[in-house]
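# Understanding the architecture of this molecule
In case you want the letters, here they are:
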Protein chains: 2
Amino acid sequence: MSEYRQDPLSRRWVIIGGERGGRPNEFVEAATRASDISCPFCAGHEAETPPPIASYSSNGKGKWLVRVVPNKFPAVTTETGVSSPGCLQQPASPDGSEVFGDGTRSVPTSMPGVFGHGTGSVPTTMPGFGSHEVIIESPRHVASLSDLTDAEAQAVFAAYRDRLLKLKAEGAYRYVQIFKNVGPAAGASLEHVHSQLVALPGVPEVIEQELKSCGEFFQQHKRSLLLDMLERETAAGDRMVRETEHFVAFCPYASRFGYEVWIAPRQHQPRYEDVRASELGELAGLARDIIGRIERAVGQASYNYFLHTQPFDMPAYDHYHWHIEIIPRLTKVAGFEWGTGCFINPYPPEAAAEHLRSLGERL
Amino acid sequence: MSEYRQDPLSRRWVIIGGERGGRPNEFVEAATRASDISCPFCAGHEAETPPPIASYSSNGKGKWLVRVVPNKFPAVTTETGVSSPGCLQQPASPDGSEVFGDGTRSVPTSMPGVFGHGTGSVPTTMPGFGSHEVIIESPRHVASLSDLTDAEAQAVFAAYRDRLLKLKAEGAYRYVQIFKNVGPAAGASLEHVHSQLVALPGVPEVIEQELKSCGEFFQQHKRSLLLDMLERETAAGDRMVRETEHFVAFCPYASRFGYEVWIAPRQHQPRYEDVRASELGELAGLARDIIGRIERAVGQASYNYFLHTQPFDMPAYDHYHWHIEIIPRLTKVAGFEWGTGCFINPYPPEAAAEHLRSLGERL
């Protein structure tokens, strides 16, 4: 069973242990599987994964295109002894105290700020409650979002929405992190195209900071920070990659990574799960196109992407705006970045955007 | 010339461009050089680096053990047109405004919080002013701190102190980030053992957060957060790796990475540059021993370490405490971590510490 812990100095949260744990020799990277013969995500190997939570097929019938299954090696689990809905408001230990490491010192706390920076003057711990799922994005043994068919890609973005809606309805989680790892440098241990989601009992630090920035901007300017950014980017144009009817893809002004691209809706929309069904195909097509362009620009790069959306237990905000951040893993993150939190990006986003624009859509 | 930029949403700072920039094909990792024949850091190749800023030899005479040279491919430079001392207090643009990207909108600001999270409601930019140096740690072609002789290791930790003192005296910088990248997974592009430092005009986000945590803890408890942590770790023992007369090495409670180890002085000391000359050998020996143990525990791991110390332009605080964070790069940082800021560490620090203790000092 895993455990959430907060570092008192940095106030970072970590997930320690869990079923991914093991002895050091298990750190050796799992070899990627080059064919579908031994791949548990390929069609015909459905029995090698836990039973699906959801499944998508063309027009709702026939063979599956996309399957959602529990992660066999979850970082967090629902089996922690913490009753689900209570873990949001209640402290992790039964007597209302929080326990430091070996349990020698406990400080009563109401723990409202799990994952937040709260008052955080002593270390905080709680059981590793959560849900860790895998979205298998094709029955075929392909690796990247850009390899999907239109129907598969659309089902992926529908699955994201549907899982958010279902997990929200369960009432046990405050945030669901949806993310994708492609390629060994991006931390993928299986080659077969997939995304993951982790449903969390708290709001992660990065989202908390975004909510704070957006809230402060709204107070000052009475408008959404992201919409303000999108308008400026559209007007300037030099960091824009592609605009579609409802979405925009651009290289952010302060890109951490070369060829970093963000995708966001053009209209105010704080929660991804509110995306219209009629727009899912357009979004999937744009994401697929952008990743295809990055791959043509820099070769078969490893990449991650992740969705940032409003936490569940808040009214729909005027100031927040969901978006997807795509980060190609072309350079290694080194001691300077870990030490400072400041990234060195040798490749200006204006140059990256120009290159990506010049490639155009693949016919 | 590079540029500092702040992302308005995350409030992260990045360094864009600089002499490391280039076309995408330059992202290909420099092959590590297996021998000293082509290595610019080896003895006999001194002419291949810029002239040294400092040099250390045994008892101050004879051949060099450690050399400090300017980085040939700096992320930041002193040649930005910004007069040095002024860049701390003055805005980056001459008219007192800050410029967003293409310069279409400028908002007057006094920019006191460069690198801080300040009010940060609009993107901020400033020229990439700073100093980027390399500390070459041996004339021999070896890779890790654990490969150094006693004299070389001691000279390295003396060089860190001396460079901090000199750069502080220059008056142009607020913080100096000292860090080491060893192995390809840790971002090292040259194999020959070396550290780097980047002198910055602002206080990095990570340090700002540490100062905040320590300041708040001090207000509440009238003592240093780090000293409190060290006392608890010493008492508990299960995360302790080794104690020497003046220093402690332990696996932090909320370790982000498997086999993460922090080294800190046992007595209150906010600034690394105040470390006593008589203790440098002890510190160097402990750091070398700990890294040797990690390498024996998990194989020739890639690793980073970085020094966190108090910024220059503050009185010596009662609440801050310098320390070194060693992070082995055994697992990849993936989409979940980038999306949330929360790390998944499969290997509990208690188990890592037990393993490292069991290895003992190499005779």
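Note: the structure precedes this text.
Residues numbered from 1 in each chain as written. Chains lettered and ligands numbered in written order. Predicted model: local features only at pLDDT ≥ 70, side-chain atom pairs only at ≥ 80, totals over all residues. Heavy atoms only, no water.

### So, the overall build of chain A
Along chain A, the regular secondary structure elements total six helices and 16 strands. Buried residues in chain A amount to 61% of all 363 residues. Expressed as a percentage of contacts within chain A between residues at least 6 apart in sequence, the contacts between residues at least 24 apart total 71%. As displayed, chain A offers around 13300 Å² of accessible surface, 52% of which is attributable to carbon and sulfur atoms. (Helix = DSSP H or I, 4+ residues; strand = E, 2+ residues; numbered from the N terminus. Buried < 20%, exposed > 50% of the residue type's maximum accessible area, 1.4 Å probe, protein only. Contact = heavy atoms within 4.5 Å. Areas by Shrake-Rupley, 256 points an atom, 1.4 Å probe, with all protein chains shown as cover.)

### Describing the relation of the copies chain A and chain B
Between chain A and chain B, the superposition needs a rotation of 180° and an axial shift of 0.0 Å, giving an RMSD of 0.0 Å. Considering both components of the superposition, the chain copies are consistent with a two-fold axis. A share of 100% of interface residues in chain A that are also interface residues in chain B marks the association as one of identical surfaces. (Least-squares fit on C-alpha atoms with pLDDT ≥ 70 in both.)

### Some points on the sheet that holds strand 8 (residues 131–136) of chain A
Residue and element names in this part refer to chain A. One open sheet holds the ten strands; their spatial order is 3-4-8-10-9-14-15-13-12-11, and the pairing between them is antiparallel. Of all the strands in the sheet, just strand 3 (54–57) and strand 11 (240–243) have a single pairing partner and so form its edges. Ignoring strand direction, the axes of neighbouring strands in this sheet form an average angle of 15°. Pairing analysis gives four bridges linking strand 9 (residues 175–182) to strand 14 (residues 303–308), with the strands arranged antiparallel. Residue pairing in the sheet places V182 in a bridge with Y303 of strand 14. Running over the sheet, helix 1 (residues 150–170) touches strand 3, strand 4 (64–70), strand 8, strand 9, strand 10 (194–200), strand 14 and strand 15 (323–328) and is turned about 35° from strand 4. (Pairing = 2+ DSSP bridges. Axes fitted to C-alpha atoms, helices over the stretch in contact; angles between N-to-C directions.)

### Description of the interface of chain A and chain B
Each partner contributes to the interface: chain A provides 101 residues, whereas chain B provides 101 residues. Linking chain A with chain B are four salt bridges. A salt bridge links A:E216 to B:R11, with the shortest nitrogen-to-oxygen separation between them at 2.7 Å. Per-element accounting of the side of chain A that touches chain B gives the leading share, eleven residues, to helix 2 (residues 205–221) of chain A. Looking at the side of chain A that touches chain B residue by residue, the class counts come to 48 nonpolar, 30 polar and 23 charged. (Salt bridge = Lys/Arg side-chain N within 4 Å of Asp/Glu carboxyl O. Nonpolar A, V, L, I, M, F, W, Y, C, P; charged D, E, K, R; others polar.)

### Here we look at helix 6 (residues 349–359) of chain B
Taken together, the buried positions of helix 6 of chain B are B:P349, B:E350, B:A352, B:A353, B:H355 and B:L356. Next to the buried residues of helix 6 of chain B lie strand 1 (2–6) and strand 2 (13–17) of chain A together with strand 11 (240–243), strand 13 (261–265) and helix 4 (280–298) of chain B. Just beyond helix 6 of chain B, the residue with positive phi is B:G360, at close to 70°.

### Overview of the packing of helix 1 of chain A against helix 4 (residues 280–298) of chain A
Residue and element names in this part refer to chain A. Here helix 1 crosses helix 4 at 110°, and the two axes come no closer than 8 Å. Between helix 1 and helix 4, the crossing angle belongs to the class labelled roughly perpendicular. Crossing geometry of helix 1 relative to helix 4 is assigned as right-handed. Counting all contacts with helix 1, which are made through D150, A153, Q154, F157, A158 and R161, the residues of helix 4 involved are L280, G281, L283, A284, A287 and R288. A breakdown of the residues in the contact of helix 1 with helix 4 according to their chemical character gives seven nonpolar, two polar and three charged. (Parallel < 35°, antiparallel > 145°, perpendicular 65-115°, else oblique. Left-handed = near helix turned anticlockwise from the far one by under 90°.)

### Some words on the sheet that holds strand 14 (residues 303–308) of chain B
Residue and element names in this part refer to chain B. Taken together, the ten strands give an open sheet; going across it, the order is 3-4-8-10-9-14-15-13-12-11, and neighbouring strands pair in antiparallel fashion. The two strands at the open ends of the sheet, each matched to only one other strand, are strand 3 (54–57) and strand 11. Strand-to-strand twist in this sheet, taken as the mean axis angle between neighbours without regard to direction, amounts to 15°. Against the sheet, helix 6 contacts strand 11 and strand 13, and its axis sits at roughly 40° relative to strand 11.

### Considering the pairing of strand 8 of chain A
Residue and element names in this part refer to chain A. Strand 8 sits mainly inside the fold: six of its six residues count as buried. Across four bridges, the pairing between strand 4 and strand 8 is antiparallel. The residue of strand 8 that forms the bridge with V69 is V134. Where strand 8 meets strand 10, six bridges bridge the pair, whose relative direction is antiparallel. Each bridged residue has a counterpart across the sheet, and for I135 the counterpart in strand 10 is S195.

### Some remarks on the packing of aromatic side chains
When we look at a pair of aromatic rings, we describe it by the centre distance and by the angle of the planes. Following the criterion strictly, the structure yields 23 aromatic pairs over all chains and no others. On the basis of an interplanar angle of 65° and a centroid distance of 6.1 Å, the ring pair of B:F250 and B:W262 is categorised as edge-to-face. Of this pair, B:F250 sits in strand 12 (residues 247–250) while B:W262 sits in strand 13; the two residues are twelve residues apart in sequence, bridging distant segments of the chain. This pair shows no difference in class: B:F250 is buried, exactly as B:W262 is. In this structure an aromatic cluster arises from ring pairing among A:F257, A:W338, A:F343, B:F257, B:W338 and B:F343. Above the plane of the ring of A:W64 lies A:R67, whose end atom (NZ or CZ) is 5.5 Å from the centre. (Phe/Tyr/Trp six-rings, centres within 6.5 Å; stacked < 30°, edge-to-face > 60°. Lys NZ or Arg CZ within 6 Å of the ring centre and 35° of its normal.)

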